[in-house]
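This is what each chain is made of:
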Amino acid sequence: MHIDHFKEHFHTVTDQRQSAKTTYCLFEVLFGSLCSVIAGAKGWFDIREYILGHHDWFKRNGLFLNEIPADDTIARIISTIEPKQFQECFINWMSSIHTLTKGQVIAIDGKTLRGSYNREDRASTIHMISAYASSNKLVLGQLKTEQKSNEITAIPELIKMLDIKGALITIDAMACQTKIAKVITDKGGDYLLAVKSNQGKLRKAVEKVFSKERANLADSVVFEESHGRIESRQCYVLGSNKLEGDFSRWASLKSIVMIENFRFEKGKKLDLEYRYYISSKELSAEQAANAVREHWGIESMHWVLDVSMNEDACQIYKDHGAENVACLRHMSLNMLREEPTKLSIVGKQKRCMMNTSMLEAVLNAGFNSMAKN
């Protein structure tokens with residue numbers, strides 16, 4: 001039964017309410033909320049309406065046998081869950097169903113939940129850091145930070161929670177920090193970090209090497225795409241031993257990478273851009289180019305959360321509500337993508353909203369993966 005598989009991985013989530021006052025079981029409310037978010041629920045009212053609309057199905061599965069809680073009761077129950085416990089359960093679930101292959105790209109990036117601010121303080125908006133397996137299109141874990149500027153301290157904490165042995169971790173320039181590089185290598189992973197002006201000395205040294213060596217470089221990889229424009233990318237990789245200066249603080253630094261990006265769009269100015277990266281892995285030009293391109297899969301995931309699941313429009317903000325519902329959205333997105341029907345995420349959600357047979361298919365796609373591992 002779906003609820004049994006759910007309990008198997010989420011049984012450690014503690015009910016924070018006083019036992020004498022609990023009318024509704026934490027797990028039935030949590031599982032009902034997950035089902036509702038899979039079906040497109042955007043808030044507490046939507047969650048209750050979905051459970052109410054399919055109450056017979058829930059009762060057949062042994063849930064909500066007496067009555068359905070009010071939407072503010074659902075809000076209170078979900079919002080009091082300790083996020084760290086919930087996140088650990090989520091990460092353990094993903095570890096059980098996701099087989100990490102050597103060299104697989106795990107992209108890490110942040111996203112602001114724009115509607116999550118306290119109504120008395122707009123500066124309190126929550127920022128979430130997510131880890132994303134690009135090839136499998138799966139969110140592996142997430143962690144909250146109060147502001148985007150706090151990503152530097154949150155990223156190491158998220159990495160410590162994950163199994164990244166053998167993976168290639170890609171992060172944008174803000175996280176190009178020696179401490180983050182060391183955390184990654186200490187956990188058995190490799191890094192590919194974008195280098196920009198926040199690491200001025202390193203950036204200048206990398207630029208200097210490529211300006212000298214560019215004419216002699218070969219075996220670059222070229223990608224061309226046509227979306228009303230001409231675009232090509234060439235990737236070059238050199239050994240870090242060519243850097244002038246002491247960069248021993250960068251754990252296991254082995255490669256430096258340059259991406260030359262050329263874009264031409266009719267009627268617009270030519271655009272030529274150089275992007276630079278460092279890596280603890282000895283990469284070929286093809287491997288580096290593919291990893292850089294795979295990193296942007298996490299941006300696609302963020303787009304789906306906003307456009308298909310209306311994450312930015314969500315007005316939940318009290319207590320731990322925004323963070324916990326964000327976790328439910330990530331769980332739902334993973335499960336919707338696992339379901340093999342050739343429909344968009346929105347299409348699958350609509351089918352789940354209309355009938356529980358599609359919901360069961362999505363739950364099977366997610367929870368049966370648990371049972372196999």
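Look up a bit, the structure's there.
Residues numbered from 1 in each chain as written. Predicted model: local features only at pLDDT ≥ 70, side-chain atom pairs only at ≥ 80, totals over all residues. Heavy atoms only, no water.

S.K.: Which residues make up the overall build of the protein, and what values do they have?
M.R.: Per the secondary structure count, the protein includes 14 helices and 9 strands. The buried share among the 373 residues of the protein stands at 54%. In the protein, 65% of the contacts between residues at least 6 apart in sequence involve partners at least 24 apart. For the protein, the exposed area adds up to about 17,500 Å²; of that, 48% sits on carbon and sulfur atoms. (Helix = DSSP H or I, 4+ residues; strand = E, 2+ residues; numbered from the N terminus. Buried < 20%, exposed > 50% of the residue type's maximum accessible area, 1.4 Å probe, protein only. Contact = heavy atoms within 4.5 Å. Areas by Shrake-Rupley, 256 points an atom, 1.4 Å probe, with all protein chains shown as cover.)

S.K.: Give me the side chain of Ser-255: which residues, what numbers.
M.R.: For Ser-255, the location among the structural elements is in strand β8 (residues 255-264). At 2.7 Å, the side chain of Ser-255 and the backbone oxygen of Lys-281 are in polar contact. In contact with Ser-255, other than residues within four places in its own chain, are Val-237, Leu-238, Ser-240, Tyr-277, Ile-278, Ser-279, Lys-281, Glu-282 and Leu-283. (Polar contact = N/O pair within 3.5 Å; in protein donor to acceptor, adjacent residues only side chain to side chain.)

S.K.: Any chance you could break down the pairing of strand β4 (residues 168-171) for me, citing the residues and the numbers?
M.R.: The side chains of a regular strand alternate between the sheet's two faces. Burial along β4 is two-sided: the face carrying Leu-168 and Thr-170 and the face carrying Ile-169 and Ile-171 are both buried. Relative to β4, strand β1 (residues 105-113) runs parallel, the two sharing 4 bridges. In the strand pairing of β4, Val-105 is matched with Leu-168. Here 4 bridges tie β4 to strand β5 (residues 190-195), and the two strands are oriented parallel to one another. (Pairing = 2+ DSSP bridges.)

S.K.: Tell me about the nonpolar core, and please be specific about residues and values.
M.R.: Phe-6, Trp-250, Ile-278 and Met-331 are the most contacted members of the largest nonpolar core, which has 102 residues in total. Among the elements that make up this core, the one with the highest residue count is helix α2 (residues 26-38) (9 residues). Here Phe-6 is in contact with Phe-27, Leu-30, Phe-31, Leu-34, Met-331 and Phe-367, once residues within four sequence places are set aside. Ranked by size, the runner-up nonpolar core spans 14 residues in total, among them Val-105, Ala-194, Tyr-277 and Ala-289. (Core = buried A, V, L, I, M, F, W, Y, C linked by side-chain atoms within 4.5 Å.)

S.K.: Give a description of helix α9 (residues 200-213) that names residues and reports values.
M.R.: Here α9 spans 20 Å end to end across 14 residues, near enough to the 20 Å set by a 1.5 Å rise per residue. Turning to α9, its buried residues number three or more, namely Leu-202, Arg-203, Ala-205, Val-206, Val-209 and Phe-210. Projected down its long axis, α9 shows its buried positions confined to an angular sector of 165°, all on one face. Exposed positions of α9 whose direction lies more than 90 degrees from the buried face are Lys-201, Lys-204 and Lys-212. (Expected span 1.5 Å × (residues − 1). Arc of directions from axis to C-beta.)

S.K.: Could you give an account of the environment of Lys-179, with specific residues and numbers?
M.R.: When you line up the elements, Lys-179 lands in helix α8 (residues 178-186). Each C-alpha atom, one on Lys-179 and one on Pro-156, is 8.1 Å from the other, the two residues being 23 residues apart in sequence.

S.K.: Report on the environment of Ser-357, specifying residues and quantitative values.
M.R.: By the secondary structure assignment, Ser-357 is in helix α14 (residues 356-372). Distance from Ser-357 to Trp-57, taken between C-alpha atoms, is 9.9 Å for residues 300 residues apart in sequence. Among the polar contacts made by the side chain of Ser-357, one reaches the side chain of Asn-355 at a distance of 2.5 Å.

S.K.: Describe the environment of Val-362, naming the residues involved and giving the relevant values.
M.R.: Along the chain, the position of Val-362 falls in helix α14. A sequence separation of 27 residues divides Val-362 from Met-335, and the C-alpha atoms of the two residues are 5.9 Å apart. Not counting the four nearest positions on each side in its chain, Val-362 is found in contact with Ile-38, Met-335, Leu-336, Glu-339 and Cys-352.

S.K.: Any chance you could break down the pairing of β8 for me, citing the residues and the numbers?
M.R.: Among the 10 residues of β8, 7 are classified as buried, and the element is accordingly described as predominantly covered. Examined bridge by bridge, strand β7 (residues 230-239) and β8 share 10 bridges and lie antiparallel to one another. By the bridge assignment, Tyr-236 is partnered in β8 with Met-258. Of the pairings in the sheet, the one linking β8 to strand β9 (residues 271-279) comprises 9 bridges and is antiparallel in character. Bridged to Ser-255 within β9 is Ser-279.

S.K.: A description of the packing of aromatic side chains should follow, citing residues and the corresponding values.
M.R.: Taken as a whole and judged by the stated rule, the model has 9 aromatic pairs. Note on Phe-6 and Phe-10: the rings are 4.8 Å apart at their centroids and 15° apart in plane angle, and the pair reads as stacked. In this pair, Phe-6 and Phe-10 both sit in helix α1 (residues 2-10), 4 residues apart, roughly one turn of the helix. Residue Phe-6 shares its accessibility class with Phe-10, and that shared class is buried. When the centroid spacing of 6.5 Å and the interplanar angle of 90° are considered together, the rings of Tyr-50 and Phe-58 count as edge-to-face. With relative accessibility at 2%, the residue Tyr-50 sits in the buried group. Taken together, the aromatic side chains of Phe-6, Phe-10, Phe-31, Phe-86, Phe-90 and Trp-93 make up a single cluster linked through ring pairs. The lysine or arginine in question, Lys-201, covers the ring of Phe-247, its NZ or CZ lying 6.0 Å from the ring centre. (Phe/Tyr/Trp six-rings, centres within 6.5 Å; stacked < 30°, edge-to-face > 60°. Lys NZ or Arg CZ within 6 Å of the ring centre and 35° of its normal.)

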